[in-house]
Amino acid sequence: MKKYLIACFSIAGLFAGQTALAASGDTTMLQSGDFVGYSFWLISMALAASTVFFLMESLRIGGKWATSLTVSALVTFIAAFHYFYMREVWVSTGNTPTDFRYIDWLLTVPLLMIEFYLILSAITKVSGSVFWKLLIGTLVMLVPGYMGEAGYLNATVGFVIGMIGWAYILFEIFAGEASRVAANEATPAVQKSYNLMKWTVTIGWAIYPIGYFLGYLAGGTDMGTLNIVYNLADVLNKIAFGLFIWYAANEDTSGS
Ligand SMILES: *C/C=C(C)/C=C/C=C(C)/C=C/C1=C(C)CCCC1(C)C
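Asker: Would you mind showing me how to read the overall build of the chain here?
Answerer: When its secondary structure is counted, the chain shows nine helices and zero strands. The C-alpha radius of gyration computed for the chain amounts to 19 Å, which stays within 12% of the reference 18 Å derived for 256 residues, consistent with globular compactness. Sequence-distant contacts in the chain: of pairs separated by 6 or more residues, those separated by 24 or more amount to 80%. Counting every atom, the chain has about 11,900 Å² of accessible surface; 70% of that belongs to carbon and sulfur. Separation of charge centres in the chain, based on 12 positive and 15 negative side chains, amounts to 12 Å.

In structure tokens:
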């Protein structure tokens, strides 16, 4: 009972936050025909709904899977808030809310990386270095990327260092310790979700550096289109990613 109360409070907080945000701004209306604005709205709602889902499932499934599912909920919760705010920025100024995307990424990408460690830890013993290596890769990828986009560092240099960080993450999950644990010790369900997560980090994540490349190195791109592409990418990289974990949790605990 207490668990459900906590879940209810978290969810109420999400909506109270959204209301406060809307009340504090100029409350510019979403104009009809603003497809970029629609996509911000849709993804905000999808992220908020996913948060409720992952929290409830974390309580229902529980046990060793509770942490992974809670982290999935944290990712969508944090992103939902950023999306509420990014929608406001887009609707009221027509500007691309790049800074907020990076703040979101700085919080959510490390959490997504931790998931690789957590799903393996749910079934076997994993060394903490798996966790640290992925975390360091994340920082090497994001910090120079931000500095390049925001003008604190040459855009090409920021891009190249960021790509090295991403390559390192890919190396770890395809050929490093985590991949060995997944291949040798994981249950079939965990192996399946590990693979889906691994390919999400490869294909789904590629969208962001491609956007950076088009926007900053290849002479500019249409920011409206780029925002829609980023928004859709986040459905895969945040919501579907969480569902892959949920799949493993469900399969692994359904009495097989
Ligand atoms: C939920 C948000 C996610 C999964 C964001 C992921 C962001 C990236 C994979 C960004 C990657 C970048 C590079 C690989 C090179 C430098 C520029 C970045 C930061 C856009």
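Asker: When you look at the nonpolar core in this model, what are you seeing that I'm missing?
Answerer: A general trend in soluble globular proteins is that nonpolar side chains are found buried together. The biggest cluster of nonpolar side chains holds 50 residues, and the ones touching the most others in it are Trp65, Phe116, Leu120, Val201 and Trp205. A per-element tally of this core places helix 4 (residues 98-121) first, with eleven residues. Beyond its immediate stretch of four places on either side in the chain, Trp65 contacts Ile119, Ala122, Ile123, Val190, Ile245, Ala248, Ala249, Asp252 and Thr253. By size, the runner-up hydrophobic cluster in this structure holds 14 residues, among which are Leu14, Val36, Met86 and Trp90.

Asker: For this particular structure, what's the right way to read the site of the ligand?
Answerer: If you check the shell around the ligand, you find 18 residues, and the closest are Trp105, Met141, Trp205, Tyr208 and Lys238. For the ligand, the accessible surface in isolation is 530 Å², of which the surrounding protein chains cover 100%. Listing elements by their share of the shell around the ligand, those giving two or more residues are helix 4, helix 5 (128-150), helix 6 (155-175), helix 8 (188-217) and helix 9 (223-253). Among the elements that make up the shell around the ligand, the one with the highest residue count is helix 4 (five residues).

Asker: Looking at this structure, how should I read helix 9?
Answerer: Quick reminder: α-helices carry 3.6 residues per turn. Residues three or four places apart thus point the same way. Compared with the 45 Å implied by 1.5 Å per residue over 31 residues, the 44 Å span of helix 9 between its first and last C-alpha is a close match. The largest bend along helix 9 reaches roughly 30° and is located at Ala240.

Asker: Got a minute to help me understand the pattern of salt bridges in this structure?
Answerer: Summed over the entire model, instances satisfying the criterion amount to six salt bridges. Across the pair Arg87 and Glu88 runs a salt bridge whose closest N-O atoms are separated by 3.6 Å. Of the two residues examined, Arg87 and Glu88, each falls in the buried class. A salt bridge links Arg101 to Asp234; its shortest N-O distance comes to 4.0 Å.

Asker: Whenever I open this one, the packing of helix 5 against helix 6 confuses me. Can you help?
Answerer: The geometry of a pair of packed helices is captured by two quantities: the angle between their axes and the separation between those axes. At a minimum axis distance of 7 Å, the contact between helix 5 and helix 6 shows a crossing angle of 160°. Between helix 5 and helix 6, the crossing angle belongs to the class labelled roughly antiparallel. For the element pair helix 5 and helix 6, the recorded crossing hand is left-handed. Touching Lys133, Leu134, Gly137, Thr138, Val140, Met141, Pro144, Gly145 and Gly148 of helix 5 are Ala155, Gly158, Ile161, Gly162, Gly165, Trp166, Tyr168, Ile169, Glu172 and Ile173, all from helix 6. In terms of residue class, the contact of helix 5 with helix 6 is made up of ten nonpolar, seven polar and two charged.

Asker: Help me understand the confidence of the model for the chain, please; the structure alone is not making it clear to me.
Answerer: Any segment with low pLDDT has predicted coordinates that should not be analysed in fine detail. With 94% of its residues at a pLDDT of 70 or more, the chain shows a mean pLDDT of 90. Here helix 1 (residues 2-24) stands out as the least confident element of the chain, with mean pLDDT 70; helix 6 is the most confident, with 97.

Asker: Sorry if this is basic, but what is going on with a nonpolar patch on the surface here?
Answerer: A surface patch of nonpolar side chains, amounting to about 400 Å² of accessible area, comprises Ile103, Leu106, Leu107, Leu139 and Val143. Of all the secondary structure elements, the ones that give two or more residues to the nonpolar patch are helix 4 and helix 5. A per-element tally of the nonpolar patch places helix 4 first, with three residues. With respect to the helices and strands, the residue Ile103 is situated in helix 4. Judged by relative accessible area, which is 42%, Ile103 ranks as partly exposed.

Asker: Even after reading the chapter, I still don't get the side chain of Asp34, so can you show me in this structure?
Answerer: Of note, Asp34 is situated in the loop between helix 1 and helix 2 (35-61). Buried within the structure, Asp34 lacks any salt-bridge partner; its nearest side chain of opposite charge belongs to Arg87, at an N-O separation of 8.9 Å. In terms of polar contacts, Asp34 uses its side chain to reach the backbone amide nitrogen of Gly37, at 2.8 Å. When residues no more than four places from it in sequence are discounted, the contact partners of Asp34 are Trp90 and Val91.

Cut-offs and rules
- Residues numbered from 1 in each chain as written.
- Predicted model: local features only at pLDDT ≥ 70, side-chain atom pairs only at ≥ 80, totals over all residues.
- Heavy atoms only, no water.
- Helix = DSSP H or I, 4+ residues; strand = E, 2+ residues; numbered from the N terminus.
- Rg over C-alpha atoms; globule rule 2.2 N^0.38 Å.
- Contact = heavy atoms within 4.5 Å.
- Areas by Shrake-Rupley, 256 points an atom, 1.4 Å probe, with all protein chains shown as cover.
- Lys, Arg positive; Asp, Glu negative; His and termini not counted.
- Charge placed at Lys NZ, Arg CZ, Asp CG, Glu CD.
- Core = buried A, V, L, I, M, F, W, Y, C linked by side-chain atoms within 4.5 Å.
- Buried < 20%, exposed > 50% of the residue type's maximum accessible area, 1.4 Å probe, protein only.
- Near = heavy atom within 4 Å.
- Expected span 1.5 Å × (residues − 1).
- Bend = angle between axes of the 7 residues up to and from the residue.
- Salt bridge = Lys/Arg side-chain N within 4 Å of Asp/Glu carboxyl O.
- Axes fitted to C-alpha atoms, helices over the stretch in contact; angles between N-to-C directions.
- Parallel < 35°, antiparallel > 145°, perpendicular 65-115°, else oblique.
- Left-handed = near helix turned anticlockwise from the far one by under 90°.
- Nonpolar A, V, L, I, M, F, W, Y, C, P; charged D, E, K, R; others polar.
- pLDDT = per-residue confidence, 0-100.
- Patch = residues over 30% accessible without salt bridge, like charges linked within 9 Å, V, L, I, M, F, W, Y side chains within 5 Å.
- Polar contact = N/O pair within 3.5 Å; in protein donor to acceptor, adjacent residues only side chain to side chain.

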